[in-house]
Amino acid sequence: MSFSINEYYTKISEGDILLAYKGSITSELINEVLEAVEGKLEKKNEEGKTRKKLYNVLVESLQNLYHHIEETHEGIDEDLEPKFGILVIERGKDGGYKVTTGNFVAAIKTKFLKEKIDKINSLSKEELKDMYKFILNHQKISAKGGGGLGLVDIARKTGKKMAYHFYPYNEKYVFFDLQILI
Amino acid sequence: MESLIIEGTTKTPNVNFDGEKGQLEIKGRSIPENSIEFYKPLVDWLEEYATAPKTKTEVNVHLEYFNTSSSKCILDVFKKLEAIHKNKYDVQINWYYEEDDEDMLEAGEDYESIIRVPFKMIEIVD
């Protein structure tokens, strides 16, 4: 069976959801999400450390989407808004959170993304720190943002492995799902 | 030299660079999508300040959050300060972090290990 955005979205929005969104990832949307989440966490009296980590992960993952999502997606039948992406924040039973982002990426980028995440997942805390410092000090900031620091930063701050999945869509695109535990 | 004062927003910090006193401050959140645009005036200001710095320059960095895109720009700011320090001027960076915010402390230590300027880590206790 082929991949359906609506089915996917329904499925990942089933748990104890703090926030779920699908649509355009704009700068304004990022502001709104951050403000809403901050408000909710304050109300819940969430512990400062968790609040900060979740906030940081949200900033990095939303800005990753913002910088990398293509404006339009050719050959995708579903009615997608420009710069279409998905964000779901779920409360875990252990008191933590799960942040899931989803977006269409060019199928040819699959290998690059997979290798990058696998590499980051394979590193120890110390190795992540070294990698972060190396990129910080040696790579030029690109027009697309942080020059690849985002995922490394997420891995450092959460101290957990990221999970991902590529759902085949059509010849040109796959749907990329990234899950981050806090 | 004229001070550089930038009012903070939800995504960008307050900036107060006082060239007469040699007191520089960056405070708040730094999470803009386009950090280069925000930090350019700071780097430009420092470049000019570096031509005739005060004997002592004290820099207070008090960030609640910053994104990875800002992290590179902050490094650029620190590199300008490093150049001033290299010219035998006294430069001190005070890195503030909130109690229990180990990530922010670690971020300060990352900079300290890259930049040759004396750092002081200051924990803020509520």
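Located above this text is the structure these notes cover.
Everything numeric in this text was worked out from a predicted model, so none of it was measured.

Q: I'm lost on unusual backbone geometry in this one. Help?
A: The bulk of non-glycine residues show a negative phi, and the bulk of peptide bonds are trans. Unusually for a residue other than glycine, asparagine 45 of chain A sits at a positive phi of about 55 degrees. Examined against the element boundaries, asparagine 45 of chain A turns out to sit in the loop between α2 (27–43) and α3 (48–68). A positive phi angle, near 70 degrees, is found at lysine 88 of chain B, a position not held by glycine. Note that lysine 88 of chain B resides in the loop between α2 (68–86) and β5 (90–98). Using a count of 7 C-beta atoms within 10 Å as the deciding quantity, one classes lysine 88 of chain B as exposed.

Q: Can you help me understand the sheet that holds strand β5 (residues 173–181) of chain A in this one?
A: In any sheet, the strands associate via hydrogen bonds between backbone groups, in a parallel or an antiparallel arrangement. Residue and element names in this part refer to chain A. Ordered by their spatial adjacency, five strands build an open sheet running β1-β2-β3-β5-β4, and the pairing between neighbours is antiparallel. Every interior strand has two partners, whereas the edge strands, β1 (16–24) and β4 (163–168), have only one. Averaged over neighbouring strand pairs, the angle between their axes works out to 15 degrees when direction is ignored. α2 rests against β1 and β2 (84–91) of the sheet, and its axis sits at about 170 degrees to β1.

Q: I'm lost on helix α3 (residues 102–114) of chain B in this one. Help?
A: In an α-helix, one full turn covers 3.6 residues, which means residues spaced three or four apart are oriented alike. For α3 of chain B, with 13 residues, the first-to-last C-alpha span of 19 Å sits near the 18 Å given by 1.5 Å per residue. Looking at the packing, one finds that the buried side of α3 of chain B touches α2, β5 and β6 (119–124) of chain B.

Q: Would you take a moment to explain the pairing of β4 of chain A for this structure?
A: The side chains of a regular strand alternate between the sheet's two faces. Relative to β5 of chain A, β4 of chain A runs antiparallel, the two sharing six bridges. When the sheet's bridge partners are listed, tyrosine 164 of chain A is paired in β5 of chain A with leucine 178 of chain A.

Q: Which parts of the structure should I look at to understand the environment of valine 61 of chain B?
A: Residue and element names in this part refer to chain B. With respect to the helices and strands, the residue valine 61 is situated in strand β4 (residues 56–66). Residue classification places valine 61 among the buried residues on the basis of 24 C-beta atoms within 10 Å. Considering only alpha carbons, one finds valine 61 and tyrosine 111, 50 residues apart in sequence, at a separation of 12 Å.

Q: Hey, could you run me through the sheet that holds β6 of chain B in this one?
A: All names here are of chain B. As summarised here, the arrangement of the six strands in space is β1-β2-β3-β4-β5-β6, forming an open sheet in which the pairing is mixed. In this open sheet, the two edge strands, each paired with only one partner strand, are β1 (4–6) and β6. Averaged over all neighbouring strand pairs, the angle between strand axes comes to 15 degrees, with direction disregarded. Strand direction decides the pairing type here: β1 and strand β2 (residues 14–18), joined by three bridges, are antiparallel. Note on β2: the bridge partner recorded for leucine 4 is phenylalanine 17.

Q: Mind showing me how you'd approach the nonpolar core here?
A: Soluble globular proteins: nonpolar side chains tend toward being buried together. Core analysis: the biggest nonpolar cluster contains 59 residues, and Val77 and Leu81 of chain B have the highest contact counts within it. When residues no more than four places from it in sequence are discounted, the contact partners of leucine 81 of chain B are Leu46, Val59, Val91, Ile93 and Val117 of chain B.

Q: Help me understand the interface of chain A and chain B in this model?
A: Reports of interface size often rely on the accessible area that becomes lost once the parts have come together. The interface of chain A with chain B comprises 23 residues on the first partner and 16 residues on the second. Broken down by element, the side of chain A that touches chain B gets its largest block of residues, nine residues, from α3 of chain A. Residue composition of the side of chain A that touches chain B, by class: seven nonpolar, ten polar and six charged.

Q: Help me understand the packing of helix α5 (residues 125–138) of chain A against helix α6 (residues 150–158) of chain A, please; the structure alone is not making it clear to me.
A: Each pair of packed helices gets described by two things: the angle between the helix axes and the distance between those axes. Residue and element names in this part refer to chain A. Close contact between α5 and α6 brings their axes to 10 Å; oriented N to C, the two are set at 150 degrees. As the angle between them shows, α5 and α6 are arranged roughly antiparallel. With respect to the hand of their crossing, α5 and α6 are arranged in left-handed fashion. Each of Leu128, Lys129, Met131, Tyr132 and Ile135 in α5 lies in contact with α6, whose residues at this interface are Val152, Asp153, Ala155 and Arg156. Residues of the contact of α5 with α6, tallied by class, amount to six nonpolar, no polar and three charged.

Rules of the game
- Residues numbered from 1 in each chain as written.
- Chains lettered and ligands numbered in written order.
- Predicted model: local features only at pLDDT ≥ 70, side-chain atom pairs only at ≥ 80, totals over all residues.
- Helix = DSSP H or I, 4+ residues; strand = E, 2+ residues; numbered from the N terminus.
- Buried ≥ 20, exposed ≤ 12 C-beta atoms within 10 Å, placed from the backbone.
- Pairing = 2+ DSSP bridges.
- Axes fitted to C-alpha atoms, helices over the stretch in contact; angles between N-to-C directions.
- Contact = placed C-beta atoms within 7 Å.
- Expected span 1.5 Å × (residues − 1).
- Core = buried A, V, L, I, M, F, W, Y, C linked by C-beta atoms within 7 Å.
- Nonpolar A, V, L, I, M, F, W, Y, C, P; charged D, E, K, R; others polar.
- Parallel < 35°, antiparallel > 145°, perpendicular 65-115°, else oblique.
- Left-handed = near helix turned anticlockwise from the far one by under 90°.

Functional significance is not addressed by these values, which are geometric in nature.
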